[in-house]
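Topology and contacts: notes
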Amino acid sequence: ALYSNPTDLPSTSYDYVVVGAGVGGGVIAGRLAELQNVRVLLIEAGPDNRGLEAVAVPFLCTTLSPNTVYDWNYTTTPQTGLFGRSIAYPRGRLLGGSSSTNYLGWTRGSQDDYDRMARASGDERWSWKALEPMFRKVEQLLPPPDGHNTAGQIDPSVHGRAGPLGVVVGSSLPIDDMVINVTKQLPEFPFNLDMNSGKPIGLGYSQASMRNGSRESSATAYIHPALAAANLRLDVLVNAHVTKLLQTGHEDGLPALRGVQFAAVGNATFHTVNATREVILSAGAVATPQILMLSGIGNATHLNATGIVPLVHLPAVGQNLQDHVSLRSIFLVNSTDITYDDLHRNAALNATMMSAWERTRSGNYSSPPTAQIGWFKVPRDALGSLGDASAGPTSPHYEIVFVDGYSGASVPETGRYLSIVSVVVSPSARGSITLASASPFANPVIDLAFLSTPADILVAREAVKAVQRLAAAPAFKDYIVAPVGAFANVSTDDQIDAYVRGNSDSLWHPAGTARMAPFGSSEGVVNPDLTVKKMRGLRVVDTSIYPFIPAAHLQAGLYAVAEQAANIIKASVHRP
Ligand SMILES: Cc1cc2nc3c(=O)[nH]c(=O)nc-3n(C[C@H](O)[C@H](O)[C@H](O)COP(=O)(O)OP(=O)(O)OC[C@H]3O[C@@H](n4cnc5c(N)ncnc54)[C@H](O)[C@@H]3O)c2cc1C
């Protein structure tokens, strides 16, 4: 059942206690509850997702962050690579976690991304070959919200048919043919029928996590169905902030951590619940290292300096933070069709679209704002001695996203726009999550180290040049009028670099802060079975565990990784 008051919980002891109801936690809780005679508790700091219309409506995804009640509302440290700017750093805070606030993009990543993960962990269970069936297990390929014929826009044979999570091609947009025509005109940007085949290079139609015109999240696809299933024994506690993990004993000469301490939001009374089998930490790549450090697990020097008694010295906790730098380049266009700009500033149109969604889950509001997506390599040899951080030949260096309107906080009063977003998807920079204080309620220190390496700024620059070449394609001749804003007068490398550093943002994909390393290795935080090193009773299942960030939006990959993690946990004969 779902509880919002800790004292209502039927028990203080469960077989498994899962911390954080995002992608990792939602999948794990739903799957472990399938075990016979097993009781699972999922603890989430935020509220239930049900009844929140802005969360359900795909088009409204951009209104859910930053600085809303559905978000943790973090901010990064001043980023030297961004001319000293601090940027807002959204993370979802409700059932479904960031999958309840994200932009619904469904991109799996490349074969090489996962094969590199298998190599780095020494475990074939993380290879593309092993994870490809997991992607299928997650997915249920569904028709697009507007019911248009998607032949030539997706390869159905790549996708799962019977999984819990709906995946669709978005509704048709007036710009579709124009954008796809570019692939016929500029050979360097080839068409890709399905970027989720393991070979993403090329440009094609984007896919989204959706069902019946509504957002699909780990809450809609895993948590609520498990709660509703009479034969599953899942309890979910919302509005409960986990403050630390507690040592419950010693096993094999190592500390066992099967206790979870938490407080109801807005109440400083601490409660404790224990797991007889395991605690699974799935609070996301920002909060998972924070909770580990609050529990005395991390770099002992840092912990001592913050006033926390070290329990297990694991210096990789919070280190190796990777994320994707993104930049919106915007063009004034000559459109005779409605663009998203009209939706943002025309109240009557907005009301019509909202009521179309409410009545029949149709219209513009039934798709997320992303049109086409492309994944590309910088020219061969461009990186020279700077080093190539991509995972291999099938992994891109940068991504291009088309948006049918002005992408950004303040849509101008007049004019229609096309945005082309460029993203550094195989970054070499590594930042960190550290503690600002020993208080579990204080935000951690988030340093993304964005654009701190020569290779990353080169890729960001090359991506902007690609945007300029794309915009100059014959297909856009009668459509694009001119670049606007900071992008208007950018041509030399120095100007591009200044534009990049002055305007880039994050794509909100933190990863790597509790990274996997082989069994027996003193590197990393978790073993290849995701158990935390040097202790018993604790695993991590969220984007923290990636040794390298995949070159993709992270949700699809994590759903597959979490399905694999559930298989591993189910197969392990307990004693963990
Ligand atoms: C604005 C935004 C847009 C995005 N767009 C896309 C997209 O279009 N496509 C895509 O693939 N990916 C996208 N992502 C990224 C994707 O959603 C995340 O990578 C994914 O959700 C990560 O899953 P996770 O389980 O690691 O963490 P999360 O989904 O963030 O879940 C962590 C959960 O733990 C909870 N939690 C944290 N601390 C505590 C605590 N102390 N006590 C209790 N609970 C706690 C949180 O509230 C949250 O529910 C986006 C992310 C954001 C923020």
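The rules we used
Residues numbered from 1 in each chain as written. Predicted model: local features only at pLDDT ≥ 70, side-chain atom pairs only at ≥ 80, totals over all residues. Heavy atoms only, no water. Helix = DSSP H or I, 4+ residues; strand = E, 2+ residues; numbered from the N terminus. Buried < 20%, exposed > 50% of the residue type's maximum accessible area, 1.4 Å probe, protein only. Contact = heavy atoms within 4.5 Å. Areas by Shrake-Rupley, 256 points an atom, 1.4 Å probe, with all protein chains shown as cover. Lys, Arg positive; Asp, Glu negative; His and termini not counted. Charge placed at Lys NZ, Arg CZ, Asp CG, Glu CD. Near = heavy atom within 4 Å. Polar contact = N/O pair within 3.5 Å; in protein donor to acceptor, adjacent residues only side chain to side chain. Salt bridge = Lys/Arg side-chain N within 4 Å of Asp/Glu carboxyl O. Expected span 1.5 Å × (residues − 1). Pairing = 2+ DSSP bridges.

**Focus on the overall build of the protein**
For the protein, the count of helices and strands is 13 helices and 27 strands. Dimensions of the protein, computed from the C-alpha atoms along their principal axes, are close to 70 × 55 × 40 Å. By the burial criterion, 61% of the 576 residues in the protein qualify as buried. Long-range pairs, those at least 24 residues apart, make up 73% of the contacts in the protein with a sequence separation of at least 6. For the protein, the accessible surface area stands at approximately 20,300 Å², while carbon and sulfur atoms represent 52% of it. The average position of the 42 basic charges and that of the 47 acidic charges among the side chains of the protein differ by 5 Å.

**Some details on the site of the ligand**
Neighbouring the ligand are 37 residues; E44, S98, G105, V242 and Q555 lie closest to it. With respect to the ligand, the side chain of S98 contributes an N or O atom lying 2.7 Å from an oxygen atom. With respect to the ligand, the backbone of L554 contributes an N or O atom lying 3.3 Å from an oxygen atom. Burial of the ligand by the surrounding chains reaches 98%, relative to a free accessible area of 1,000 Å². Listed by contribution, the elements that provide at least two residues to the shell around the ligand are α1 (23-32), β12 (240-246), α7 (284-294) and α13 (554-571).

**Considerations on the environment of H250**
When you line up the elements, H250 lands in strand β13 (residues 249-251). Distance in space between the C-alpha atoms of H250 and R536 is 8.0 Å, their sequence separation being 286 residues. Residue contacts for H250: discarding those within four places in its chain leaves P255 and A256.

**Comments concerning the pattern of salt bridges**
The tally for this structure, following the rule as stated, stands at 20 salt bridges. Linking R31 and E34 is a salt bridge whose minimum nitrogen-to-oxygen distance equals 2.8 Å. With a relative accessible area of 36%, E34 lands in the partly exposed category. Residue D48 is joined to R50 by a salt bridge in which the shortest nitrogen-to-oxygen separation is 2.8 Å. Since its relative accessible area comes to 52%, R50 is described here as exposed. A network of salt bridges, in which partner residues are shared, links R31, E34, K137, E563 and K570.

**Side note on helix α11 (residues 454-471)**
An ideal rise of 1.5 Å per residue puts 26 Å on 18 residues; α11 measures up with 26 Å between its terminal C-alpha atoms. Within α11, 14 of the 18 residues are buried, which leaves the element mostly enclosed by the surrounding structure.

**Describing the pairing of strand β20 (residues 370-376)**
The buried fraction of β20 amounts to six of the seven residues, a majority that puts the element mostly inside the structure. As paired strands, strand β8 (residues 202-205) and β20 are joined by four bridges and run antiparallel to one another. Note that in β20 the partner of G204 across the bridge is I373. By the bridge criterion, five bridges tie β20 to strand β21 (residues 398-403) in an arrangement that is antiparallel. Directly across from F376, in β21, lies its bridge partner Y398.

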